[in-house]
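Architecture at a glance
Here is how the chains run, residue by residue.
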Amino acid sequence: MIAVQRNNHGSNHRKSTLDWQNHAPNDNSIRFRCSCGNSKLSPRFDFNPVVSIISFVLIVGFVTFCSIYATDSKAVFASAKTWITDKFTWLYIGSQDLWIVFVLVIYCSKYGSMKLGKDSDEPEFNDATWFSMLFACGIGVGLFFYGVAEPIYHYTGKNRFTADVYRSDNEVAQWAMNLTLYHWGLHAWIVYVVVGLTLSIMCYRKGLRMTMKSCFYPLVGDRIFGWVGDFIDILSIIATLFGVCTSLGLGVIQLNSGLKYVFGSVNETIENQKILIWIITFMATMSTVSGIGLGIRRLSEVCFAIGVFLMVAVLFLDDTWFLLNLFTQSFGSYVQWIIQLGFHCDAFEMVAPSYGGKADGDWSDRNRHFEDTTSDGPANWMDGWTVFYWGWWISWSPFVGMFIAQISKGRTIREFINGKINCFNA
């Protein structure tokens, strides 16, 4: 059954199976509500056809363009990404730092004890389940892969630390750990906190819809109920698409490589990667259809349990004392250098390569130093790592922020921030 309702200042009018509904005092947007059967327990889907249709057309157009003009589209997007890094690195870096300061101020203020909902509301999920879902929705295959690969790449690859011939190997190794913690730490998770917290307040305290346009109500007011709000929602859908494509694309390549390594007979081919995409998409769809309280909840708990098991296994099966020393040392080093790392924009590299000094007029003969002075700087390293990461995390923020807002009703702002920030510690 499909129903569309409209309510003009308290008046209701039904037209056979089509109704119009006004969900806010000045919300004149058209919405469809679909339900399967007449049972109160039957799933319902409430959507804005303007946002849905335009988003669908844009997505199909994007996919079509990339499919037909694969080489050209790759060059166009690579060029656009490099241009964004050259011109707006300061914005990516500075905004993440600004959000951290903002969240810390809210956390320490009197508003930290405000509930996300009515004062009588209680959390729907227990702390363990809630934290598992917070952790699983924020990271996935990326952390399990890059948690190992990224420090090694920073230690052996081209960057401003390996380029300095006067740094020892141990010092470079520590900076590799610092960079990895920076990319997966506080600066990464903070964007989820901001979006999720804003949506929670607008939805549970102000009675607005759980959509991205609600975040902008304090800024533009009732205009979110018109084309401005539709534009915001369309943009959030497209951004989420890019984030999902990035994660899914990188994930299936990693899974394909892992299957080949384990079984040998599985080749790394586009066909196998397509099969993996269909399998992952099917599992994600089943989890979504089954609802938060069943499929997503249980998958999150299993995911978190397997992650903990893997971490404990590595800790006790490898050099335990070295790993404990490394964890303690790296955490302290991260705290010591986080401000410098958090504000570094490769500003001088935009002017000239930053390849440290030379030893006696010659480059060091260690393999981790490079004479190629064109591969350093924001158009390469910053473009491929920090700015890429921040764009990746930000593109996921509408989806993840909305999810954590949905599962956090009844918790205080301080609990919300603690839960999400502690995902980084985990």
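Residues numbered from 1 in each chain as written. Predicted model: local features only at pLDDT ≥ 70, side-chain atom pairs only at ≥ 80, totals over all residues. Heavy atoms only, no water.

1. Considering the overall build of the protein
Summing up its helical and strand segments, the protein has 14 helices and seven strands in all. Residues classed as buried in the protein amount to 39% of the 426 residues present. For the protein, contacts bridging at least 24 residues in sequence account for 71% of all contacts bridging at least 6. (Helix = DSSP H or I, 4+ residues; strand = E, 2+ residues; numbered from the N terminus. Buried < 20%, exposed > 50% of the residue type's maximum accessible area, 1.4 Å probe, protein only. Contact = heavy atoms within 4.5 Å.)

2. Remarks on unusual backbone geometry
The backbone phi angle of Asp346 is positive, close to 55 degrees, even though this residue is not glycine. With respect to the helices and strands, the residue Asp346 is situated in the loop between helix 11 (320–343) and helix 12 (378–384).

3. Overview of the packing of helix 8 (residues 227–263) against helix 13 (residues 386–406)
A packed helix pair is summarised by two numbers, namely the angle formed by the two axes and the spacing between the axes. Relative orientation of the contacting elements helix 8 and helix 13 amounts to 120 degrees, with a least axis distance of 7 Å. Relative to helix 13, the element helix 8 lies oblique. When you trace helix 8 past helix 13, the crossing you get is left-handed. For the pair formed by helix 8 and helix 13, the contact residues are Ser236, Ala239, Thr240, Gly243, Val244, Thr246, Ser247 and Leu250 on the first element and Phe388, Trp392, Ser395, Trp396, Pro398 and Phe399 on the second. The residue makeup of the contact of helix 8 with helix 13, split by class, is eight nonpolar, six polar and no charged. (Axes fitted to C-alpha atoms, helices over the stretch in contact; angles between N-to-C directions. Parallel < 35°, antiparallel > 145°, perpendicular 65-115°, else oblique. Left-handed = near helix turned anticlockwise from the far one by under 90°. Nonpolar A, V, L, I, M, F, W, Y, C, P; charged D, E, K, R; others polar.)

4. Re the side chain of Gln174
Its place among the elements puts Gln174 in helix 5 (residues 169–184). When near neighbours in sequence (up to four residues on either side) are disregarded, Gln174 contacts Gln329, Ser330 and Ser333.

5. Section: the packing of helix 1 (residues 49–68) against helix 2 (residues 70–108)
Orientation of helix 1 relative to helix 2, taken along the N-to-C sense of each, is 115 degrees, at an axis distance of 5 Å. Overall, the two elements helix 1 and helix 2 adopt an arrangement that is roughly perpendicular. Contacts between helix 1 and helix 2 involve Phe62, Phe65, Cys66, Ser67 and Ile68 from the former and Ala70, Ser73 and Phe77 from the latter. Per-class residue counts for the contact of helix 1 with helix 2 are six nonpolar, two polar and no charged.

6. A word on the pattern of salt bridges
Side chains bearing opposite charge may pair, as long as their charged atoms lie close to each other. Across all of its chains, the model carries eight salt bridges by this definition. The salt bridge partner of Arg160 is Asp346, with a shortest N-O separation of 3.9 Å. Of this pair, Arg160 sits in the loop between helix 4 (141–156) and helix 5 while Asp346 is found in the loop between helix 11 and helix 12, placing the two residues 186 residues apart along the sequence. The pair formed by Arg160 and Asp346 is uniform in burial state, with each residue classed as buried. For Glu171, the salt bridge is made with Arg167, and the minimal N-O distance between the two is 2.9 Å. Residue class for Glu171 comes out partly exposed when judged on its relative accessible area of 33%. When its relative accessible area of 18% is taken as the criterion, Arg167 is described as buried. Beyond isolated ion pairs, a larger network of salt bridges with shared partners links Arg297, Arg298 and Glu301. (Salt bridge = Lys/Arg side-chain N within 4 Å of Asp/Glu carboxyl O.)

7. A look at the packing of aromatic side chains
A complete count under the given rule lists 24 aromatic pairs for this structure. Judged by centre distance (6.5 Å) and plane angle (90 degrees), the ring pair of Phe65 and Phe77 falls under edge-to-face. Taken together, the positions of Phe65 in helix 1 and Phe77 in helix 2 put the pair twelve residues apart, joining distant regions of the chain. Classification of Phe77 as partly exposed rests on a relative accessible area of 39%. Between the aromatic rings of Trp189 and Tyr192, the centroid separation amounts to 6.0 Å while the plane-to-plane angle is 90 degrees, which identifies the pairing as edge-to-face. One end of the pair, Trp189, and the other, Tyr192, are both in helix 6 (residues 186–205), three residues apart, so they sit about a helical turn from each other. By relative accessible area, which is 2% here, Trp189 ends up buried. (Phe/Tyr/Trp six-rings, centres within 6.5 Å; stacked < 30°, edge-to-face > 60°.)

8. Points about a nonpolar patch on the surface
Together, Ile275, Ile279, Phe282, Met283, Met286 and Val289 make up a nonpolar patch on the protein surface, roughly 630 Å² of accessible area in all. Summarising the element assignment, Val289 is placed in helix 9 (residues 270–290). (Patch = residues over 30% accessible without salt bridge, like charges linked within 9 Å, V, L, I, M, F, W, Y side chains within 5 Å. Areas by Shrake-Rupley, 256 points an atom, 1.4 Å probe, with all protein chains shown as cover.)

9. Considerations on helix 10 (residues 292–317)
Taking 1.5 Å per residue, 26 residues should reach 38 Å; helix 10 reaches 35 Å between its end C-alpha atoms and fits that length. All of the buried residues in helix 10 are Gly295, Ile296, Ser300 and Gly307. (Expected span 1.5 Å × (residues − 1).)

10. What to know about the side chain of Asn256
Here Asn256 shows up in helix 8. Asn256 gets classed as buried once you look at its relative accessible area, which sits at 1%. At 3.4 Å, the side chain of Asn256 forms a polar contact with the side chain of Gln273. The contact partners of Asn256, leaving out residues within four places of it in the chain, are Val266, Asn267, Glu268, Thr269, Asn272, Gln273 and Leu276. (Polar contact = N/O pair within 3.5 Å; in protein donor to acceptor, adjacent residues only side chain to side chain.)

11. Some remarks on the confidence of the model for the protein
Detailed reading of the predicted coordinates is not advisable wherever pLDDT falls low. On average, residues of the protein carry a pLDDT of 80, and 81% of them reach 70 or more. Mean pLDDT across the elements of the protein ranges from a minimum in strand 5 (residues 18–19), with 32, to a maximum in helix 11, with 94. Between residues 1–23, whose pLDDT stays under 50, and residues either more than four places distant or in other chains, the model counts 53 contacts. Overall, residues 37–43 carries pLDDT values under 50, and its contacts beyond four positions in sequence, including any with other chains, amount to seven contacts. (pLDDT = per-residue confidence, 0-100.)

12. Section: the environment of Gly94
Note that Gly94 resides in helix 2. Sequence separation between Gly94 and Phe343 is 249 residues, and the spatial gap between their C-alpha atoms is 6.7 Å.

13. What to know about helix 6
Under the 1.5 Å per step criterion, the end-to-end length of helix 6 is 27 Å for 20 residues, consistent within 8% with the ideal 28 Å. Taken across its 20 residues, helix 6 has 16 buried, putting it largely inside the fold. Following helix 6 by one or two positions, Gly207 adopts a phi angle in the positive range, close to 75 degrees.

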